[in-house]
Amino acid sequence: MSFLKGLKCRECGRDYPKEALYVCEYCFGSLEASYDYEAIRHVMSRDHIQKGPKSLWRYRELLPIDGEPRAGFYSGMTPLVKADILGRELGVKHLYIKDDSVCHPTWSFKDRVVAVALSRAKELGFDTVACASTGNLANSVAANGAWAGFKRYVFIPANLEQAKVIGTLVYSPNLVAVNGNYDDVNRLCSEIASKYRWGFVNINLRAYYAEGSKTVGFEMAEQLGWRAPDHVIAPAASGSLITKIWKALKEFDKLGLLEAPMKTKVYCAQALGCSPISTAILEGSDVIKPVKPATIAKSLAIGNPADGYYAKDVIHQSGGAAASVTDDEIREGIKLLARTEGIFTETAGGVTVASAKKLIEQGVIPKNETVVITITGNGLKTQEAIQDAVGKPALIEPSLASFEERVMSERGNNRSTAPAPSTIL
Ligand SMILES: *Cc1c(COP(=O)(O)O)cnc(C)c1O
Ligand SMILES: [Zn+2]
């Protein structure tokens, strides 16, 4: 049974059939999935959800497919970790990490959006899927697309991290590295999408793809005992994730699935070297000014964000705020999360942790309410960003004497984590 009614223009509200469409012919607004919430209300109870699969497909009624799921059976239901040590360090009582860097086929939250986009691509009859990616989407489309039996064309900026390139190539897609930044890649892909009948997950399938991000919000609420958190910090690239976390919590509220009314404030985290959304929010500007990205947070390096205005609106409506952080703060954020909670996140996670720290220190986020930090990707993929910031191991000869001299002695003690490791050798 399908609860997906169709697509609707986010600007003028015109209805469209549920096909591979993404812009309104009248106002050029973007299209969004619309649902029959009355019918969903009859089916979707907490009990119904809890009896569902241990994946994001437990929220299937609120996802834009007609039939049964066809891809991404292992995506979603990632841990919500109570982060007491980091919480103590930041002075926050009820701090949680939504950890999307683990339990996913390609170790980022993109396995959620791809699960939904590929399921819908099957229903719409595509045999080839494609994407314009800042890295994680490339990994995910290549991997999940292989499993689902699609031909795959993946487009990336040529300067991506090695692990994201190898972590795409290994699945044998057609990988195309474009001499340019993500915004150039995206522009090219729009052109290709209008010529070839391919399912571009984040272009002509974007209305379906984007809904997959709602499952981050659904899970947060379910894992907190059917409560929406007071504060959610999430990173923004195109701005889609932020808008969908908010939408998810509102949908749960509307369907009566929450213990208490939803009053979540949402916060936008970006890198200073690419912060068009955070900057507009911090400056109180109505305009999202495109920028040329220059940051180690490559997965967030979108200078002209497709959902920038909607993300800014969500921050305003919810009463949240924004932060942007330097590359050094990003590295410190990665190390802080690793040292306190044992979670190794990629640069995007460093942006989010550093932004959370800043907003808490500034008193923007209060210290005695429930705070969730959204960690969206795994640190093994962006090792070059921190390789000079984590020190070196203590190098010794294979003897007890050498161990005691270089590690346990006054001179060697604790040197393994010291910033100037050459002194150990
Ligand atoms: C894509 C991505 C994001 C942001 O996604 P948007 O929905 O485009 O804002 C955040 N974190 C990571 C690790 C990503 O790969
Ligand atoms: Zn319109």
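The text that follows walks through the structure, step by step, so that each part is easy to find.

Criteria and thresholds
- Residues numbered from 1 in each chain as written.
- Chains lettered and ligands numbered in written order.
- Predicted model: local features only at pLDDT ≥ 70, side-chain atom pairs only at ≥ 80, totals over all residues.
- Heavy atoms only, no water.
- 1 Å grid on protein atoms, 1.4 Å probe; cavity = no way out; pocket = protein on both sides within 12 Å on 5 of 7 lines; lining within 4 Å.
- Points joined across faces, edges and corners; volume = space filled by probe spheres on them.
- Helix = DSSP H or I, 4+ residues; strand = E, 2+ residues; numbered from the N terminus.
- Nonpolar A, V, L, I, M, F, W, Y, C, P; charged D, E, K, R; others polar.
- Near = heavy atom within 4 Å.
- Polar contact = N/O pair within 3.5 Å; in protein donor to acceptor, adjacent residues only side chain to side chain.
- Sits in = over half its atoms within 2 Å of the grid points.
- Buried < 20%, exposed > 50% of the residue type's maximum accessible area, 1.4 Å probe, protein only.
- Donors = N, O, S within 2.8 Å, 3.2 Å for Na, K, Ca; no water.
- Tetrahedral: all angles 85-135°; square planar, octahedral: opposite > 155°, others 65-115°.

## Structural notes on empty space enclosed by the protein
Then, number 1: Using the criterion set out here, one finds two cavities of 30 Å³ or more in the structure.
Then, number 2: Estimates place the volume of the largest cavity at around 320 Å³.
Then, number 3: In terms of lining residues, the largest cavity is bounded by 29 residues, among which F109, K110, Y209, A237 and S238 are the most central.
Then, number 4: Every element with two or more residues in the lining of the largest cavity is listed here: α4 (110-123), α5 (136-147), α8 (206-211) and α10 (240-254).
Then, number 5: No other element matches α10, which puts three residues into the lining of the largest cavity.
Then, number 6: A breakdown of the residues in the lining of the largest cavity according to their chemical character gives 14 nonpolar, twelve polar and three charged.

## Concerning the site of ligand 1
Then, number 1: Around ligand 1, 15 residues are found, and the nearest of them are K110, N136, S238, L241 and T376.
Then, number 2: Note that an oxygen atom of ligand 1 is positioned 2.8 Å from one of the side-chain N or O atoms of K110.
Then, number 3: Here an oxygen atom of ligand 1 sits 2.6 Å away from a polar atom, N or O, in the side chain of S238.
Then, number 4: Applying the majority rule of atoms within 2 Å of the grid points places ligand 1 in the largest cavity.
Then, number 5: Here the residues of the shell around ligand 1 sort into seven nonpolar, six polar and two charged.

## Thoughts on unusual backbone geometry
Then, number 1: Notably, M77 is not glycine yet its phi reads approximately 50 degrees, a positive angle.
Then, number 2: Within the secondary structure, M77 sits in the loop between α2 (46-50) and β4 (80-82).
Then, number 3: Accessibility expressed as a relative area gives 16% for M77, which makes it buried.
Then, number 4: The phi torsion at W107 lies on the positive side, around 55 degrees, for a residue other than glycine.
Then, number 5: Considering the arrangement of structural elements, one finds W107 in the loop between β5 (94-99) and α4.

## As for the coordination of the zinc ion (ligand 2)
Then, number 1: Coordination sphere of the zinc ion (ligand 2), protein contribution only: C9 (SG), C12 (SG), C24 (SG) and C27 (SG), at 2.3 Å.
Then, number 2: In this structure, the zinc ion (ligand 2) is surrounded by four donor atoms whose angles at the metal cover 96 to 120 degrees, and the resulting shape is tetrahedral.
Then, number 3: Counting gaps between the donor residues of the zinc ion (ligand 2) yields the pattern C-x2-C-x11-C-x2-C.
Then, number 4: Here C24 falls in the buried class, since its relative accessible area comes to 1%.

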